[in-house]
Amino acid sequence: MGCRRTDVPIRRGSLPDDMFLFVNPGSGGNKGQVFLKAPKPFIVDVDGGKKVQLHVFSMLEGDSGNKPGFRKLKEVIAKRAATGLPVVRAVVGGGDGTVMWADSEGQKHGIDTPKQVAWGIVPLGTGNDFSRVAGWGGNNPEGVDANDFELLKDLVRQWDRAKVRHHDVWEVSVNLDESEGKLFKIGKTQVEEDLNVTSKTFHMVNYFSIGWNLKG
């Protein structure tokens, strides 16, 4: 698993019974769609005789700042906070950009993500840099729904056993002279879209092989 930098200790015995998977359906050439077909509730037997319920949500469901998956995550965190164990494991199905999207949505819902969420990832992006550096590889999983979603069950067991490490989030600002250039982005239509700004701040988790805190 990877997580935002936090000084809150995470003990093996404090792992939650609730686990989340936020999927970008369009990632990996729309391969993320299969995760959304998992039966509900999706309950998996894990180590130590414990059961974990995986809550699967689409990142596209709901408006920004008002998404059902993140409302549910906030609800679970609130219940666990009362026991002194607020950290919840949440996995992102997508690429590096989807990880940052999920983190920003969590914050928009009033979740203190650096202290309350440990992010993991299913590699569904193009480069999958963050997934590779976190030890989850860079290949999109195949056969997720085969044998009653046995692969997804195995992934849940791996996520439950995974060690939580700290990870820095980098903030990069780009500024330009309005008379000399413009800032563009490639939209969903694969066409350049003018951002109509002369400065922009980006948050990144692992570009140029930076961001991993080996001491965490």
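Everything that follows concerns the structure shown earlier in this document.
All values derive from a computational prediction rather than experimental measurement.

A. Focus on helix α3 (residues 96-108). Look at α3: 19 Å from first C-alpha to last across 13 residues, which is about the 18 Å you get at 1.5 Å a residue. Here α3 has its buried residues at Asp96, Thr98, Val99, Met100, Ala102, Asp103, Glu105 and Gly106. Gly110 sits one or two residues past α3 and shows a positive phi near 80 degrees.

B. Helix α6 (residues 146-161), seen in detail. Spanning 16 residues, α6 covers 23 Å between terminal C-alpha atoms, matching the ideal 22 Å at 1.5 Å per step. Within the sequence span of α6, burial applies to Phe149, Leu152, Lys153, Leu155, Val156, Trp159 and Asp160. Where α6 is buried, its residues contact β2 (18-23), β3 (42-45), β4 (51-58), β5 (88-94) and β6 (117-123).

C. Fine view of the side chain of Ser27. On the secondary structure map, Ser27 appears in helix α1 (residues 27-30). Contacts of Ser27, omitting those with residues within four sequence positions, involve Gly32, Gly93, Gly94, Gly95, Thr98 and Leu124.

D. Local environment of the packing of aromatic side chains. For the coordinates displayed, the defined rule picks out six aromatic pairs. Summarising the aromatic geometry, the rings of Phe42 and Phe149 are spaced 6.4 Å apart at their centres and angled 80 degrees between planes, so their arrangement reads as edge-to-face. Of the two residues, Phe42 is situated in strand β3 and Phe149 in helix α6; the sequence distance between them amounts to 107 residues. By the ring-pair criterion, three or more aromatic residues cluster together here, those being Phe20, Phe22, Phe57, Phe70 and Trp119.

E. Looking closely at the side chain of Ser58. In this structure, Ser58 sits in strand β4. Given a relative accessible area of 15%, Ser58 falls into the buried group. Ignoring sequence-local partners within four residues, the contact set of Ser58 consists of Val23, Pro25 and Leu36.

F. Structural view of unusual backbone geometry. Along the chain, Lys40 connects to Pro41 via a cis peptide bond; the corresponding omega equals 0 degrees. Mapped onto the elements of the fold, Pro41 is located in the loop between α1 and β3. In the Ramachandran plot, Phe149 falls in the positive-phi region, its phi being about 60 degrees despite a non-glycine side chain. The phi torsion at Asn196 lies on the positive side, around 55 degrees, for a residue other than glycine.

G. Just the pairing of β4, in detail. For β4, the tally of buried residues reaches six of eight residues, placing the bulk of the element in the interior. Pairing geometry for β3 and β4, over four bridges, is antiparallel. Considered in β4, the bridge of Phe42 is made with Leu54. The hairpin turn running from β3 into β4, its antiparallel successor, is five residues long, and Gly48 in that turn takes a positive phi close to 75 degrees.

H. Seen up close, the nonpolar core. Ranked by internal contacts, the top residues of the largest apolar core, which has 21 residues, are Leu21, Phe35, Phe42, Leu54, Leu152, Val156 and Trp159. Mapped onto this core, the elements with two or more residues apiece are β2, β3, β4 and α6. No other element matches the five residues that α6 contributes to this core. Residues contacting Leu152, with those up to four places away along its chain left out, are Leu21, Phe35, Ala38, Phe42, Leu54, Val144 and Trp159.

The rules behind these values
Residues numbered from 1 in each chain as written. Predicted model: local features only at pLDDT ≥ 70, side-chain atom pairs only at ≥ 80, totals over all residues. Heavy atoms only, no water. Helix = DSSP H or I, 4+ residues; strand = E, 2+ residues; numbered from the N terminus. Expected span 1.5 Å × (residues − 1). Buried < 20%, exposed > 50% of the residue type's maximum accessible area, 1.4 Å probe, protein only. Contact = heavy atoms within 4.5 Å. Phe/Tyr/Trp six-rings, centres within 6.5 Å; stacked < 30°, edge-to-face > 60°. Pairing = 2+ DSSP bridges. Core = buried A, V, L, I, M, F, W, Y, C linked by side-chain atoms within 4.5 Å.

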